[in-house]
Every structure is written in structure tokens, then in C-alpha cells.
Amino acid sequence: MLSSHDAISPLTQEGLLHRIANRVRQSLELESILSTTAAEVRAYLGTDRVKIYQFYPDGHGVVVAESLQADRLPSLLGLHFPADDIPRYARELFVRARQRSIVDLGNHTIGISPLNCPETGEALNTGDIRYRPVDPCHQEYLTAMGVKSSIVVPIVLEGEASGSYDPPSLQSSNHLWGLLVSHHAEPRSVTEAELQFIQAVVDQVAVAIAQSVLLEQVRSQARREANMNQVTARLQMSPTVNWQDALELAAHTLSADGRLYLASETDSPKEIYTCGDQPALIDPTQERSIEENLVWQKYLHSVLNPSVDETGRTPWSTEWMRAVYELVEPSQSFKPGASSWAVDDLYQEPLFRTLAPFFDDTKIRSALIIPLKHGTQIMGCLTFFRHEIDTEIEWGGYHNPDTRQLMPRQSFEVWRQVKKGQAQRWTEEEIKYAQALGERFAATVKQYRLYQQVQSLNSSLERQVEERTEALKQQSEQLQQSNTELERVVERQMTLSWIVAKMRESLDIDTIFQSATQELSHVVTAERVAIYCFNEDWGGVFVSNYEAVTPEWQNNGQLGVNTVWNDTHLQETQGGRYRTGDSSIVHDIYQQGYAQCHVEILEQFQVKAFMLIPIFVGQGLWGLLGVYQHSAPRHWKPSEIEFVSQIAAQLGVALQHAELLVQTRQKTEQLAQTLTDLKQTQVQLFHSEKMSSLGQLVAGIAHEVNNPINFISGNLTHIQEYIQTLFELVRAYQQHTTAPSPDLLQLLEDHDFAYIEADFPKLCASMRMGTERIGEIVQSLRNFSRVDEAAVKAVDLHEGLESTLLILQHRVKLVSGTPIEIEQQYEELPLVHCHAGQLNQVFMNLIGNAIDELETTATDHTSSKTVTISTRCVNADWVEVSIKDNGRGITPEIQAKLFDPFFTTKPMGKGTGLGLFISYQIVEKHGGQLVCHSQPGQGTEFVITLPVQ
């Protein structure tokens, strides 16, 4: 048997400890610290193997560090050993007494050396090693491993430590992290000095492990906070929120698949966003998602009922439902309304038995459900899924984990255990992190829903305006159809219009009639057109100057021009059939049935066909308009007859034509004015309704925010008084207690009471400043909306400008790029009698346009973007407000259209083209003037001039 060092120099031990401590301090990485420690201890002891063994939460352990001497013993690094290898009573002694054991198979003894008393837990003064015979089972275990002597020293940590084994019968303040074990292939004795040295090394390692665990916790917390900040930034990127991107980022931080379910509301349908593997629909025909399952819905709404109701009924919870499924009495200690539901294995969860089939086509095995709650409303849920995994563990020899091993192991040959389809458990840190994500998502969903409501309100207003506009458009279309029909009539009678135009050019009857006959002959391609005029006795003559004849028939002579025709029938009947407005349409004189004498007269003038249309002046028959065909009979078309009748009518009213022209122009002007009025009415309706709704919305929000702010502000004083009283009580207690206990002194030192006493008044002041700031913002919103001040009253224009700037402040402070500076150059102004809300809208439009221009203007880092707002008193009766930017300026062509309705230079969806038009009308309604001064490259200035009264 090898002998140990009989006497070890204290200096040598101190030097080794110092070297180990220095190496521990040089690295914060636990793996390096443990490897260094194992090597130093083995080199000092001169044994064949020194290993560090770490316990897992389930009791089994793994060799995490090892140092070997040549090939005397096989390596165990990375191998796992079952919990059965170390009995529970031995583990309890490791923690309760911090018991060290020394086995020497050469003399079949085991030495026991506890640091603490097993009964009281207090430190022992003696360091004796008490020997007794080693258990046969223990001896066979070491023999099978090839070990003849061993030293086992427990590594016990105080406080929480990740990965520590906590036997249920021990105090929760101490945790068994692992063991430092020395193995030797030959028998070897150990001295108390060596054991003390090993214990000192273990104490250093315990400190290093605690520091490493704390470091890992800090790093893990930093990673979670960084991930949380990224997700929060993605959620707050815009009011509309890109839920898909936010969900994918949140799922990535948890190394899981994600699903976001937003429940339907009155004005909003349900929304579902997914990434990665997803379960099937419950009912594809109705598109029912898995979140609409009764159990899922019960859980989501259970968070709203955290206490027993007045009837004594236990509220719904997952624990309560599991008890029902297991046919046991539900415990009254259940805590319903859990903020998350972690399902480690959905195929082993009783409540998921109706839901599990919808996951069959996926590899999903674990689920984490977080309700999205805001106040008393469940807005949906955030769910994360994890796939099943295959695990592989290298064991130091074969074992059966399902039965307790009663016999020592006969072989330590490496056994590789592979398990398929294992579920991934959710850790407590992951659950807390997911709950924090749920809070961020819930707050964003609430803002998103509010934004949707505002958008819905705006859409409703726009829809109403569109409906009104559509009605006006229909009226305009009807009017346009009437105009189109009129145009068609005009188009069919273009020639008539031209003839009429000729008539309007002169009031000379000869000129009018001569032009009419010539154009009529040309249009209807008649060979002759003549006008017959009745006299007082109802005889008549063909007027020579009024006849138009084609060239080939000019030699045929005129139709009895200047010859009085005394038709007895016409004389006796005072115009005959023509008196009642009838016409004579003859397509062929030989087919008309005329008397022979009548045919002979027509043949004398070679007339084969004709039509005679009466000409009336007022109600009296004046004459006849005749159209003749000489070459052959002709079938007169209805349109030709109608056209000739219209010419005859126009000839009859030639003297009244000027008056008709005036009336027509008046009708046209009235129609144009009506269209203009309709457009203005449309714009005013849109503006009035939108501003009314916006003002009420802003005033309502300001009112709702004002109440809780007043409550907080009013209670800050009481909080400060109460805390001040507590401080005085503590100071009085300190004065009357001359010898406080060490625990109290430690508590005072840990919590830094003096700092708290000095910092709390500053904290209260900061809170008061914050509530005052919110109050100012609320007051600015109320001042801007002016819902309760619709009538004309005396107003401070500076107050309206400040309210507008406060509302637009978020646009001035750019996140990136060159910020926009606001320069205010105010002179003292009298109160102006006006509609305050309307003028605030003018300021909002003009300042907003200036900010829009500067946001789109590309500048270098040395250039500044400035909006200058100045006021001045022109005289006792007039004031002036100027809003100027140093942007690109406006060309003269665009300046001419600035105040036209619906004209805008902004891209589609950015502007409506109503801002400047409405502002111009508001200023004009107040009796003022709005002008624009601008040149390209020199910025733009809008000047508002208003009367004081």
C-alpha cells in the first residue's frame, strides 16, 4: 500500500491554494475553472484520477471535469451516472453535515469526516477521520470501476444555484451542486492535512461556481432584456403594427414556433398570425381555429375571475379541471387565473386530449399559452410551440431507470442511451420571459385596437362624405345626361345652330331670311328654297331677295317673284290649313291627287315635289317656307321635314331671338354656379364633419386622461407625507436603540436607508413633474379642440399656436436625420375675436405642411431644418401671423393652384388637397387674408392677416 505524505509543509499547501485561487480569479468560465482545479488537486495528491461530478435536478450526475494519470484508469469525462449510484441518505449527509468520505480497499475501511454536526448543522471544531468497515456493496462498486482508494468531498452551495440537486428532506438554503472525487488504482491512505487541503480547494471552487452561476444569470437576463427590447421596438414601430415580423422575432428569441390570435370585436374580425409548424383547424368549413376550442377559451377567460364568487363556487382553472378528470376532490388551494399555461407534453396533458389530434400532422410536442389581457378584457392569446427532440445520453455502464438498482454495477462499459420523440420542458425563466412578451403584446394590441377604432371612425366619416359625394355625383351625372341629350339634339341640328347664329348677327330681316334660305338649300340639298309672304287680304307674294336656287336651275326663273298670288281658298279661309300649323308635304305632284289646273301651274315652274311650312310671328300666320325639287319627285325624310319646320320657327321668332339668347346665357351661368356651389358644399361638409368628430374625440380622450392624472397628482402629497412619517419613525427608533442587532445593521447596510431617505423626495418631485406635464398636454388637447367654444370669442392666438406645436412635437423630434428646429418670434398681440377651433385647424395645416416639406427635403449634416413662426401687430385693428420654412420653395405655376380644392403635390395617400383650400376659406370667413410668398430654393412663407374684431 502506498503511504501518503506524513508531513506536508504548510507553505506548500498555502502556495498551491494561492495558485488555484489565482487561476480561478483569472477566468470566469466555469469549464476552465473546474479543469484547472482537477489538474492541480491530482498533481498534489499524485493519484490516478481526479474528477468533478455535477448533479442534475433529477438526482443523476455527470462528470464535468477530469484529470488522469497516464492510462492507469479509463476516462469518465462526459459520462452520466444514475441517481441510484449514490443513496439518498448519503446525499443528505453531504449537505447536512458536509461529510467527506475516504475509502481504502487495501484494509477494507471507509473514513468519515463531517464538517458540521448532522443534527444541528453547526460547524465542528474537530477534524478527525473516523474509520469503519466499508459496505460490501460500496466495495464491489469501486472494484468494478478499477479503483482501490477514493476520496469524496461534497461541493455545497448556499442560496439558489442553477443545476443544483436539492433533496426534499434538506433545508432549501443549501444545495448539493456536486462532488470532487479522487480515484487511485492502488490502495492509499489519506491524512487530515490532505483532506483539509482538498476541502479548502472545494471551498474555492464553490465560490467560483456561485460566481459563474451568477454571471450566467446576469448574461441570461441581459440576453432576455435585449430580446425584449428588440420585440418591443418592433411592436412600437408604427400604429398599424407588423404583427408577423413581431411574432417571428418573439418566437426566434424562444427558439420556438409562434402563433398570435387576436379575438374578434364589434368592429374588427379575428386575426391570426403564424410562423413555423401549426395545428390544423378545428372546423375548416367555418374556419374555426384551435383558440376557439371551449377548453382553450375557458382558460383564457379564467384569468378574469381570480377569486371564489359569492356562491362559494371555485373558479375554472387548469388544476381544478385536472382534478375533475382524475375524479378527485378539487383542492381549495388551487390558484386560478394563471398568467400562462405551460404544457410540457401535450400528449400527456389530460386537458389536451380533445386538442391533441389537431397536432398529429406536426412535430409539435410542447406549448406555452399566454393570454393577452388588458384591464377586464381578453384580447386574444400568444402561443409558442416546440418540436419533439431525440435525446442521446452516454451512461457509465448500463442501467434501467425504471426500476431501482439493488445490486452494485458489474461493468462500467459506456452505454449510449437514445430516446426518440422527447418533449422539451419549459423552464421557469422562459415562462417568465414569455409572460413579459405577452404583456408587451397585450399593451400593443390595445393600442392597435384603439387605432383601428379611430381609423374606423375616420372611415365612417369618409364613407358618409363619399355617400354625400356620390349623391351629388349622381345629381351631376343626371345633369350631365341631360346635357348630353341636349348636345345630341344640338349635334343633330348643327346647321340649324349655324343658321340661328347668322340670324343673331343681324337684326335686318332681309339679311336673316336670305342667309336662312341659302343655308337651308345647302343642308337639305334642295334645288330651290323660297319664302312666301301673306298680305292683309291673305293674298301673297314670293319675296325675291329670300330665294335660293342651285346653279343648274337659275335659268328657270323665279316663282312669280313680286307677283301677287290671290289664292281664293287661302283668302276665304285666312290661311287655310296653314293657319292651324299644318304643312303641305308633296313627294310627287302627280301622285297627290291635285286638280289638273293645279298640276299645270306647278308644271309651269317645273316643280315635281315640294313642302310648305307655315311661318308664325307670335300667334299670327306670317307666311310660308317652301322647299322645291325640279328635277324629279323626292321623298322628304321626317328629319328633313322637322329641320325645315325648325327653320320656319326660327324665322318666325327672329326678332325675339336676342331675348332668347340672353335667357340661354342666364341659364348657363346659373348651371355653372350650381355646380360650383355643390363642390363648395361638399368640401365644407367634409371639413365640418371631420373636424367635429376629431374635436369630440380629442376632447373625450383629454377628459378621460385628466381624471386619473388628477387622482395620481392629488395622492402624491399624501404619499410623501406618509413616507416622511415613516422616515421620522425610523430615525426615532435609531435614536432610542443604541445597540441594534447585527441582522438589523446588515439589513440597513444592504438597503442603504440613507440613500432611500434622500432620494424619495426627488422621486416624488419627478412624479409630480410628470403628472403636471401630462396635465399640460391634456390642457393643450382641450385648447386645440375647443369643442365647447364653437362661438366667436376673444382668443389669444399665441395660445393656439403653442397648443398646435405641442401636438406636433412628436414630428419635430426626428428619430434619425436632422431634427427640425422651431423658432418663435412673438410680439405682443391683442385678443382676436374669432372661432378658435377653426383658426387652430389653420395653424395645424400650415405648420404640418411645413414639417412635411422639411421631412422630405434632403440636407447634409451641417444644414438645419427650421420652421419660423412669427406674429406682429400691424395696427390697432389688424394682426399678422407668419409661418415660414427653409425648404425647397414653390414654383409660380404651383402657387397659382395652391388654394384650389383637391389640388396637392403630395403622393397618393399622403394628402387630400383640402388643407390649404379649407384654411383659405376659414381665414376669408373671418374677414382676413391668407397669402403665400415663395421662390424656388428660398423656402416658403404663409402670412395670415386677421382683423381684431
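All values derive from a computational prediction rather than experimental measurement. (Residues numbered from 1 in each chain as written. Predicted model: local features only at pLDDT ≥ 70, side-chain atom pairs only at ≥ 80, totals over all residues. Heavy atoms only, no water.)

A few points about the overall build of the protein chain
Along the backbone of the protein chain there are 22 helices and 28 strands. Burial statistics for the protein chain: of 949 residues in total, 41% are counted as buried. Taking as baseline every contact in the protein chain between residues at least 6 positions apart, the subset at least 24 positions apart corresponds to 65%. Carbon and sulfur atoms make up 52% of the accessible area of the protein chain, which totals about 52100 Å². (Helix = DSSP H or I, 4+ residues; strand = E, 2+ residues; numbered from the N terminus. Buried < 20%, exposed > 50% of the residue type's maximum accessible area, 1.4 Å probe, protein only. Contact = heavy atoms within 4.5 Å. Areas by Shrake-Rupley, 256 points an atom, 1.4 Å probe, with all protein chains shown as cover.)

Some points on the environment of phenylalanine 917
Relative to the elements of secondary structure, phenylalanine 917 occurs in helix H22 (residues 915-925). Taking the C-alpha atoms as reference points, phenylalanine 917 and leucine 898, 19 residues apart in sequence, are found 7.6 Å from one another.

Considerations on helix H7 (residues 294-302)
Every buried residue of H7 is listed here: Val295, Trp296, Tyr299, Leu300 and Ser302. All buried residues of H7 fall inside an arc of 165° around its axis, so they share one side. (Arc of directions from axis to C-beta.)

Overview of the packing of helix H18 (residues 797-807) against helix H20 (residues 836-856)
Across the interface, H18 lies against H20 with an axial gap of 9 Å and an inter-helix angle of 45°. Judged by the inter-axis angle, H18 sits oblique to H20. Relative to H20, H18 is oriented so that their crossing is right-handed. The residues of H20 that touch H18, namely those facing Leu797, Gly800, Leu801, Thr804, Leu805 and Ile807, are Leu839, Asn840, Phe843, Met844 and Ile847. Residues of the contact of H18 with H20, tallied by class, amount to 8 nonpolar, 3 polar and no charged. (Axes fitted to C-alpha atoms, helices over the stretch in contact; angles between N-to-C directions. Parallel < 35°, antiparallel > 145°, perpendicular 65-115°, else oblique. Left-handed = near helix turned anticlockwise from the far one by under 90°. Nonpolar A, V, L, I, M, F, W, Y, C, P; charged D, E, K, R; others polar.)

What to know about the pairing of strand S2 (residues 61-68)
Taking burial as the measure, the 8 residues of S2 include 6 buried ones, the bulk of the element. Between the end of strand S1 (residues 49-55) and the start of S2, which pair antiparallel, lie 5 residues, with glycine 59 showing a positive phi angle near 105°. As paired elements, S2 and strand S3 (residues 80-81) share 2 bridges and run antiparallel to each other. When the bridges of S3 are listed, valine 62 appears paired with histidine 80. (Pairing = 2+ DSSP bridges.)

What to know about the sheet that holds strand S25 (residues 865-873)
Taken in spatial order, the 5 strands make up an open sheet running S23-S25-S26-S28-S27, and their pairing is mixed. Two strands close off the open sheet at either side, each with one partner strand: strand S23 (820-825) and strand S27 (929-934). Across the sheet, the mean angle from the axis of one strand to that of its neighbour is 15°, orientation sign disregarded. Examined bridge by bridge, strand S26 (residues 878-885) and strand S28 (residues 940-947) share 8 bridges and lie antiparallel to one another. From the neighbouring strand, isoleucine 883 faces S28, where its bridge partner is phenylalanine 942.

As for the packing of aromatic side chains
Taken as a whole, this structure holds 13 aromatic pairs when the rule is applied. Between tryptophan 243 and tyrosine 448, the aromatic rings sit 5.2 Å apart at their centres with planes inclined by 85°, giving edge-to-face as the arrangement. Of this pair, tryptophan 243 sits in helix H6 (residues 243-253) while tyrosine 448 sits in helix H9 (residues 428-492), and the two are 205 residues apart along the sequence. The pair formed by tryptophan 243 and tyrosine 448 is uniform in burial state, with each residue classed as buried. Ring pairing ties together the aromatic residues Trp296, Tyr299, Trp341, Phe352, Phe359 and Phe385, which thus form one cluster. (Phe/Tyr/Trp six-rings, centres within 6.5 Å; stacked < 30°, edge-to-face > 60°.)

Here's the deal with the nonpolar core
The biggest cluster of nonpolar side chains holds 39 residues, and the ones touching the most others in it are Leu797, Leu846, Ile847, Phe942 and Ile944. Taken together, the elements giving at least two residues each to this core come down to H18, strand S24 (832-834), H20, S25, S26, H22, S27 and S28. At 10 residues, the largest contribution of residues to this core is made by H20. Residues within four places of leucine 797 in sequence aside, it is in contact with Leu829, Val832, Leu839, Phe843, Val879, Val881 and Leu946. Within the second largest apolar cluster, 31 residues are counted, among which are Leu249, Ala256, Leu260 and Tyr448. (Core = buried A, V, L, I, M, F, W, Y, C linked by side-chain atoms within 4.5 Å.)

As for a negative patch on the surface
On the surface, Glu462, Glu466, Glu467, Glu470 and Glu477 cluster together into a negatively charged patch. Following the sequence through the fold, glutamate 462 ends up in helix H9. Exposure remark for glutamate 462: the relative accessible area of 40% places this residue in the partly exposed category. (Patch = residues over 30% accessible without salt bridge, like charges linked within 9 Å, V, L, I, M, F, W, Y side chains within 5 Å. Salt bridge = Lys/Arg side-chain N within 4 Å of Asp/Glu carboxyl O. Lys, Arg positive; Asp, Glu negative; His and termini not counted. Charge placed at Lys NZ, Arg CZ, Asp CG, Glu CD.)

Notes on H18
The element H18 is largely enclosed, with a buried count of 8 among its 11 residues. N-capping of H18 is provided by aspartate 796, with a side-chain oxygen placed 3.1 Å from the backbone N of histidine 798. (Polar contact = N/O pair within 3.5 Å; in protein donor to acceptor, adjacent residues only side chain to side chain.)

Quick notes on unusual backbone geometry
Notably, histidine 108 is not glycine yet its phi reads approximately 60°, a positive angle. You can see histidine 108 is positioned in the loop between strand S4 (100-104) and strand S5 (109-113). One non-glycine residue, serine 255, lies in positive phi territory at about 55°. Tracing the backbone shows serine 255 in the loop between H6 and strand S9 (257-262). Serine 255 gets classed as exposed once you look at its relative accessible area, which sits at 63%.

Digging into the sheet that holds strand S13 (residues 377-387)
The 5 strands lie next to each other as S10-S9-S13-S12-S11, forming an open sheet whose pairing is antiparallel. The open sheet has two edge strands, strand S10 (271-275) and strand S11 (341-343), and neither has a second partner. Adjacent strand axes in the sheet meet at a mean angle of 10° when their direction is disregarded. Sheet analysis places S9 next to S13, joined by 6 bridges and oriented antiparallel. Bridge assignment links glycine 258 to a residue of S13, and that residue is phenylalanine 384. Relative to S10, H6 is tilted by about 45°, and along the sheet it contacts S9, S10 and S13. Contacting S9, S11, strand S12 (364-374) and S13, H7 runs over the sheet at an angle of about 120° to S13.

Some thoughts on the packing of H20 against H22
At a minimum axis separation of 9 Å, H20 and H22 run at an interaxial angle of 140°. The chirality of how H20 crosses H22 is left-handed. Where H20 abuts H22, its residues Gln838, Leu839, Val842, Asn845, Leu846 and Asn849 lie against Gly915, Leu916, Ser919, Ile922, Val923 and Lys925. In terms of residue class, the contact of H20 with H22 is made up of 6 nonpolar, 5 polar and 1 charged.

Some points on the confidence of the model for the protein chain
Note that predicted coordinates carrying low pLDDT should not be read in detail. When the pLDDT values of the protein chain are averaged, the result is 78; 78% of them are 70 or greater. Contacts from residues 1-11, a stretch scored under 50 in pLDDT, to residues over four places away or in other chains number 20 contacts. (pLDDT = per-residue confidence, 0-100.)

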